[in-house]
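Coordinates in review
If you want the building blocks of each chain, they are given just below.
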Amino acid sequence: MTANDTELREQVREHYARAARTVLDQQGSACCGTPVDESTAAAALYSADEQAELPTEAVLASLGCGNPIAVAELHPGERVLDLGSGGGIDVLLSAKRVGADGFVWGVDMTAEMLQLARANAAKAGAHNVEFLAGTIEAVPLPDEAVDVIISNCVVNLSVDKPAVFAEMRRLLTPGGRIGITDIVADDALSAERRDELGSYAGCIAGALSRAEYLRLLVAAGFAEATVTFTHDVVEGMHSAIVRATKPLQ
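One numbering rule holds for all chains: residues counted from 1, following each sequence as written. Residues qualify for local features only when their pLDDT is at least 70, as the model is predicted, and side-chain atom pairs are given and counted only at 80 or more; totals for whole chains, interfaces and linings, by contrast, use all residues. Note that the side-chain values use all heavy atoms of the structure and ignore hydrogens as well as water.

1. Concerning the overall build of the chain
Numbered from the N terminus, helices here are DSSP runs of H or I no shorter than four residues, and strands are runs of E no shorter than two. Looking only at helices and strands, the chain features ten helices and eight strands. Per-residue accessibility, obtained with a 1.4 Å probe over protein chains only, is compared with the maximum for each type, and a residue is labelled buried under 20%, exposed over 50%, and partly exposed between these values. By residue count, 55% of the 249 residues in the chain fall in the buried class. Sequence-distant contacts in the chain: of pairs separated by 6 or more residues, those separated by 24 or more amount to 71%. Values of accessible area rely on a 1.4 Å probe in the Shrake-Rupley scheme; residue burial ignores everything except the protein chains shown. Split by element, the accessible area of the chain, about 10,300 Å² in all, is 52% carbon and sulfur. In what follows, a contact means two residues having at least one pair of non-hydrogen atoms within 4.5 Å.

2. Brief notes about unusual backbone geometry
Notably, Glu 144 is not glycine yet its phi reads approximately 55°, a positive angle. In this fold, Glu 144 is placed in the loop between strand 3 (129-133) and strand 4 (146-152). Here Glu 144 falls in the partly exposed class, since its relative accessible area comes to 40%. Positive phi is not limited to glycine here, since Cys 203 has a value of about 80°. Mapped onto the elements, Cys 203 comes out in the loop between helix 9 (191-197) and strand 6 (208-209).

3. Side note on the pairing of strand 7 (residues 223-234)
The sheet contact formed by strand 7 and strand 8 (residues 237-245) spans eight bridges and is antiparallel. Across the sheet, residue His 231 finds its bridge partner in strand 8, namely Ser 239. Remark: two residues form the turn of the hairpin made by strand 7 and strand 8, two consecutive strands paired antiparallel; Gly 236 in that turn has positive phi of roughly 75°. Two strands pair if DSSP finds at least two bridges between them.

4. Section: the confidence of the model for the chain
A score from 0 to 100, pLDDT tells how confident the predictor is in each residue. In the predicted model, the chain carries a mean pLDDT of 86, and 87% of its residues have values of at least 70. Across the chain, strand 1 (residues 79-83) holds the top mean pLDDT of 98, while helix 2 (residues 41-45) sits lowest at 60. Below pLDDT 50 for its whole length, residues 27-31 participates in 21 contacts with residues either more than four positions away or in separate chains. Predicted confidence for residues 33-40 stays below pLDDT 50, and this span has twelve contacts to residues more than four positions away or in other chains.

5. What about the nonpolar core?
Grouped together as the largest cluster of nonpolar side chains are 31 residues, with contacts concentrated most on Leu 81, Leu 83, Leu 141, Val 146, Phe 165, Met 168 and Tyr 213. Secondary-structure elements contributing two or more residues to this core are strand 1, strand 2 (103-108), strand 4, helix 8 (161-171), strand 5 (172-185), helix 10 (210-219) and strand 8. When near neighbours in sequence (up to four residues on either side) are disregarded, Leu 81 contacts Trp 105, Val 107, Val 139, Leu 141, Val 146, Val 148, Ile 149, Ile 150 and Leu 171. What we call a nonpolar core is a set of buried Ala, Val, Leu, Ile, Met, Phe, Trp, Tyr and Cys residues that are connected through their side-chain atoms within 4.5 Å.

6. What to know about the packing of helix 8 against helix 10
Interhelical geometry of helix 8 versus helix 10 gives an angle of 45° and a closest axis separation of 9 Å. Of the possible angle classes, the one that applies to helix 8 and helix 10 is oblique. Both helix 8 and helix 10 take part in a crossing whose hand is right-handed. Packed against helix 8, whose contacting residues are Lys 161, Pro 162 and Phe 165, the element helix 10 presents Tyr 213, Leu 216 and Leu 217 at the interface. Each residue belonging to the contact of helix 8 with helix 10 can be placed in one class, and the counts come to five nonpolar, no polar and one charged. Geometry is summarised by axes, namely lines fitted to C-alpha atoms with helices restricted to the contacting stretch, and by angles between N-to-C directions that run from 0 to 180 degrees. Roughly parallel refers to an angle under 35 degrees, roughly antiparallel to one over 145, roughly perpendicular to one between 65 and 115, and oblique to any angle outside these ranges. Crossing handedness is read from the near helix: turned anticlockwise from the far helix by less than a right angle, it gives a left-handed crossing, and turned clockwise, a right-handed one. Each residue gets one label: Ala, Val, Leu, Ile, Met, Phe, Trp, Tyr, Cys and Pro are nonpolar, Asp, Glu, Lys and Arg are charged, and the others, such as Gly, are polar.

7. Considerations on the packing of aromatic side chains
A pair of aromatic rings is counted whenever rings of Phe, Tyr or Trp (Trp by its six-membered ring) have centres within 6.5 Å, and the orientation is called stacked for planes under 30 degrees apart, edge-to-face for over 60 and tilted otherwise. Taken as a whole and assessed by the stated rule, the structure comprises two aromatic pairs. Seen from their ring centres, Phe 103 and Trp 105 are 4.8 Å apart, and the 55° between their planes marks the pair as tilted. Each ring, one from Phe 165 and one from Tyr 213, has its centre 5.5 Å from the other, and the planes form 65°; the classification is edge-to-face. Of this pair, Phe 165 sits in helix 8 while Tyr 213 sits in helix 10, and the two are 48 residues apart along the sequence. Each member of the pair, Phe 165 together with Tyr 213, is buried.

8. Observations regarding the environment of Arg 79
Along the chain, the position of Arg 79 falls in strand 1. On the basis of relative accessible area, Arg 79 is assigned to the partly exposed category, the value being 29%. In this structure Arg 79 touches Phe 103, Trp 105, Glu 144, Ala 145, Val 146, Asp 147, Val 148 and Thr 173, once residues within four positions along its chain are discounted.

9. Comments concerning the side chain of Asp 82
Within the fold, Asp 82 resides in strand 1. Buried and unpaired, Asp 82 has no salt bridge, with Arg 97 as the nearest side chain of opposite charge at 12 Å. Charge assignment: positive for Lys and Arg, negative for Asp and Glu; neither His nor the chain ends contribute. A pair is scored as a salt bridge if a Lys or Arg side-chain nitrogen falls within 4 Å of a carboxyl oxygen belonging to Asp or Glu.

Structure, rendered in structure tokens:
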């Protein structure tokens, strides 16, 4: 990584460490660090039934821009990986859907988030989950370890997105799939304009355009790639659903 990449990664790490410490102090935070209470951001992204399945701290620590559980269409027995698992909300919801025969890993680079997620898993009594310390560019799991990869507003935070997509392909079994949510820019919105609209740690400056997203997925070897905008975030930028599959051969 360049010195600038290292600085950006540390900014992201500290940003989310602060968010985790806030939740650990029982105050809560929301998408990309914007303070809210549990009746606003989490309620907009997850159903009341989904929230009722979880410890309060997992709901308060929801920092995403969508609901990848609704996107990924998980099935009993599947093995799932959540990239940038934060406080664990999507891991815990996934664990219920894959059942006792399935398993869910979450990976996060922030020690405070891992502490919070492990505590939430213990409160939820989730036995088919594990939270790993690592980055989304280098996940500590073997090749073809998972059937599904989910992520919630995290890929935009990476300083090496081609490495993220290559890692996704390495980790998925043949025929495996991606079902993630992320912040994505209009194709006409320049990188310079994205910088003006928001910070890197705030999920804006590092966002890819739709065309960039699709190009990188195809370059990494994925098929059936789609990027579907769901709602506006700021001018020219949207929360989006991203899907793709790893070919059987």
